[in-house]
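For reference, the chains in residue letters:
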Amino acid sequence: MIADAGQCLVDAGISNGRQEARWIMGGIVSVLSPCCGGCELSVEVQKAFEKQVERRVQGEPLQYVMGSAAFHCIELAVGPGVLIPRPETEQLVELALKQCPANAEVLDLCTGSGAIALAMAMQRPNARFTGVDISEEALCYARQNKSRLGTLNVEFLQGDLFAPLPAGTKYTLVTANPPYVSEKDYDNLEPVVRVYEPRQALLAEENGLAVLRRIAEGVGRVLVDGGFVISEIGDEQGRAVKTIFQEANLQNVQVLKDYSEKDRFVVAVKG
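Definitions and cut-offs
- Residues numbered from 1 in each chain as written.
- Predicted model: local features only at pLDDT ≥ 70, side-chain atom pairs only at ≥ 80, totals over all residues.
- Heavy atoms only, no water.
- Helix = DSSP H or I, 4+ residues; strand = E, 2+ residues; numbered from the N terminus.
- Contact = heavy atoms within 4.5 Å.
- Core = buried A, V, L, I, M, F, W, Y, C linked by side-chain atoms within 4.5 Å.
- Buried < 20%, exposed > 50% of the residue type's maximum accessible area, 1.4 Å probe, protein only.
- Pairing = 2+ DSSP bridges.

J.: Describe the side chain of D258, with residues and values.
T.: On the secondary structure map, D258 appears in the loop between β8 (250–257) and β9 (263–270). Excluding residues that lie within four positions of it along the chain, D258 makes contacts with E88, Q91, R264 and F265.

Here it is, written out as structure tokens:
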């Protein structure tokens, strides 16, 4: 079954199709028949496998098909309605952990599946994390992931950026992976991204800068003095974003590159 499915996926243009077929079967067996070594596959397993392979052949992202994505040190539930976390965002976690004291108060904006907040919470069990997202659909995955991981030091709030935060709350660190794709770039995204992943989590007005601008203008009100903000950005936005954060009176504004040597993160401090 794996061999036939792998060839079917390759024929559909998925170059890694044979390995993906193994992953799909492994995920199904681990859930439906974890102790089936040496036994024939049940009809239930066979049907589930065929259904998931067909979804992948139709172009649905592998992570949605399998219902999970590996991220940093954790496994996250993902599916339609929530952005699939990328390797670049794992690097943001590493940068943020360097600025995250053991007892920090951390705000994660545009949290989506909770990837950044939950990965950091696993490494900083005595810190407290608040994830905010405008999408209740995405937050359903975030709360599911919190429950699966048992991260009691994380809470999730639904709302637009800073709006749902209790008045007067201050944070040591603010992280964000906001929408930053422009209309032009959105039209050129791979179909698997454009068709399946939520437009709201990707696309921003003002040539991709609208949400980043709102974060820069509002973050000073919620950061403690000396607190850091770290956000992911588009690889052609470095100069513009640096100017935006400087004009918002943030200090020591830096644009850092990802492992591909592309501009990917902005880091700044509240003076």
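J.: Which residues make up the nonpolar core, and what values do they have?
T.: Formed by 36 residues in total, the largest nonpolar core has its most connected members in L76, V93, C100, M120, F129, V154 and L173. Where this core is concerned, the elements lending two or more residues are β1 (68–71), β2 (74–77), α5 (87–98), α6 (115–123), α7 (136–149), β5 (154–158) and β9. The element best represented in this core is α6, accounting for seven residues. In contact with M120, not counting residues within four places along its chain, are V93, A96, L97, C100, F129, L173 and T175.

J.: For the pairing of β2, give the residues involved together with the corresponding values.
T.: Taken together, the four bridges between β1 and β2 define a ladder with antiparallel strand orientation. Looking at β2, one finds that F71 is bridged to I74. Remark: two residues form the turn of the hairpin made by β1 and β2, two consecutive strands paired antiparallel; H72 in that turn has positive phi of roughly 55°.

J.: Residue-level account of α6, with values.
T.: Burial runs high along α6: seven of the nine residues are buried. Among the residues making up α6, those that are buried are A115, I116, A117, L118, A119, M120 and A121.

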